[in-house]
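An overview of the molecular structure
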Amino acid sequence: MPAVKTHLEPTAGNSPRRHAPRDGEFIAADWHTDLRTAIRDPRELCRVLNLSPEWAEQAVAATADFPLFVPRDFAARMRPGDPNDPLLRQVLPLAEESHTITNFSLDPVGDQAAELTPGLLRKYQGRALLVTTGVCAVHCRYCFRRHFPYGEAPHSLEQWQPALQMIAADDTISEVILSGGDPLALRDELLAELAARIAAIAHVRRLRVHTRLPVMIPQRVNEALLAWLTDSRLAPVMVIHANHANELTGEAAAAVRRLVQAGIPTLNQAVLLRGVNDSVAALAELSERLLDLGAVPYYLHQLDRVQGAAHFEVPIAEGLAIMEQLRARLPGYAVPRYVQETAGAAFKVPLG
Ligand SMILES: *Cc1c(COP(=O)(O)O)cnc(C)c1O
Ligand code: SF4
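What this report covers is the structure whose coordinates are included nearby. (Residues numbered from 1 in each chain as written. Chains lettered and ligands numbered in written order. Predicted model: local features only at pLDDT ≥ 70, side-chain atom pairs only at ≥ 80, totals over all residues. Heavy atoms only, no water.)

With respect to spatial proximity, the complete set of residues near ligand 1 consists of Lys 123, Tyr 124, Arg 127, Leu 129, Ile 177, Arg 208, Tyr 298, Tyr 299, Glu 341 and Lys 348. Lys 348 has a polar side-chain atom sitting 2.9 Å from an oxygen atom of ligand 1. Look at ligand 1: alone it shows 390 Å² of surface, and the protein chains cover 93% of it. Put simply, the parts of the chain that give the shell around ligand 1 at least two residues each are strand E3 (127–131) and strand E8 (296–301). Counted by class, the shell around ligand 1 contains five nonpolar, no polar and five charged residues. (Near = heavy atom within 4 Å. Polar contact = N/O pair within 3.5 Å; in protein donor to acceptor, adjacent residues only side chain to side chain. Areas by Shrake-Rupley, 256 points an atom, 1.4 Å probe, with all protein chains shown as cover. Helix = DSSP H or I, 4+ residues; strand = E, 2+ residues; numbered from the N terminus. Nonpolar A, V, L, I, M, F, W, Y, C, P; charged D, E, K, R; others polar.)

Given below as structure tokens:
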């Protein structure tokens, strides 16, 4: 597949697949500054958090093909001096990332096979997923798309046209999911226009957004975003991504509340991660916190076996035991569905 050359193309020295935003990539807005000033140097992250230089050395060595990227607002929610902080664990590169582990692949969920046209994935009936950008507001070390060839995906209205035509040609598609990367890393003007073009396709009923930005850079939930999401003919659905209750404090909690108060159904997906949320107490508190904010726990994902993330894996048997205790402790609606994505399956497969 020929690589599409765009201004989003990563530069030499950066990851060949993922990159942090550069100047001029976004129209100035308050959240734009938060993206630009995010921490990119492991040494700085360790300095800010009072961690010994050994952690930084390890992190520098492990970032060769997936750079560190941590918004300051998120770093401020971490406990200084604690290398085991559950938020830090999600973003701190460890030496284990470089180990090659059998059964951990570059494309664990069969994204490549599900690509209808560049940037459009179709795995499940009725839903089509648009990979809108490779940019994220944070680099999660366990990311299943950490090796996705974002450089080849379309990044502009013109380049999305073939994907939109395919959606228009298939009247079984009732929901379009904006994903990435993180779709909310794009400008609201662009997203509003994309949403309008999707709304012009009569058989599409819902527009879903998969994003970590409300949690990472809470200022992103601004008036312009709420306007294009709620002014549309399409019913909006927001799926945020938080793995631990400590992520949902202060401004991030307020951002989730703004979404809910705007009438947007807001769901959360989390990934079961060793050292982050692999306990009944952590997951119960995550659900309670979401409910405090009016959001709903949706999925708890079994880790996708992507190369570099093996040290985050929790065995399914352990996950099932945690789920059993969660069920005994929480209202039914507060228990997320524990699922695993299996390449070729017709849905995210429930584990129990
Ligand atoms: C996860 C995913 C969806 C959404 O699945 P739901 O079970 O509806 O949340 C849709 N398309 C693709 C390609 C996905 O990976
Ligand atoms: S925000 Fe999502 S897509 Fe981006 S690095 Fe994290 S898990 Fe991956």
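From this point, the narrative continues.
On to the packing of helix H7 (residues 188–199) against helix H9 (residues 223–230). Viewed as axis vectors pointing N to C, H7 and H9 meet at an angle of 0 degrees, and their least axial separation amounts to 10 Å. Here H7 is positioned roughly parallel relative to H9, judged by the angle of their axes. Only Ala 224, Leu 225 and Trp 228 of H9 make contact with H7, whose side of the interface consists of Asp 188, Leu 191, Ala 192 and Ala 195. (Axes fitted to C-alpha atoms, helices over the stretch in contact; angles between N-to-C directions. Parallel < 35°, antiparallel > 145°, perpendicular 65-115°, else oblique. Contact = heavy atoms within 4.5 Å.)

Now for the site of ligand 2. Ligand 2 sits among Cys 136, Val 138, Cys 140, Cys 143, Gly 181, Arg 212 and His 241. Residue composition of the shell around ligand 2, by class: four nonpolar, two polar and one charged.

Overall, mixed pairing links the ten strands, which are arranged E1-E2-E3-E4-E5-E6-E7-E8-E9-E10 in an open sheet. Sheet topology places strand E1 (115–117) and strand E10 (349–350) at the edges, where each strand pairs with a single neighbour. Bridging between strand E6 (residues 235–241) and strand E7 (residues 266–271) involves four bridges; their strand directions are parallel. Note on E7: the bridge partner recorded for Ile 240 is Asn 268. Across the sheet, H9 touches strand E4 (175–179), strand E5 (206–210) and E6, and the angle it forms with E5 is around 145 degrees. (Pairing = 2+ DSSP bridges.)

Taken as a whole and judged by the stated rule, the model has two aromatic pairs. Aromatic pair Tyr 298 and Tyr 299: ring centres 3.9 Å apart, planes at 20 degrees, arrangement stacked. Among the residues examined, Tyr 299 registers a relative accessible area of 13% and is labelled buried. (Phe/Tyr/Trp six-rings, centres within 6.5 Å; stacked < 30°, edge-to-face > 60°. Buried < 20%, exposed > 50% of the residue type's maximum accessible area, 1.4 Å probe, protein only.)

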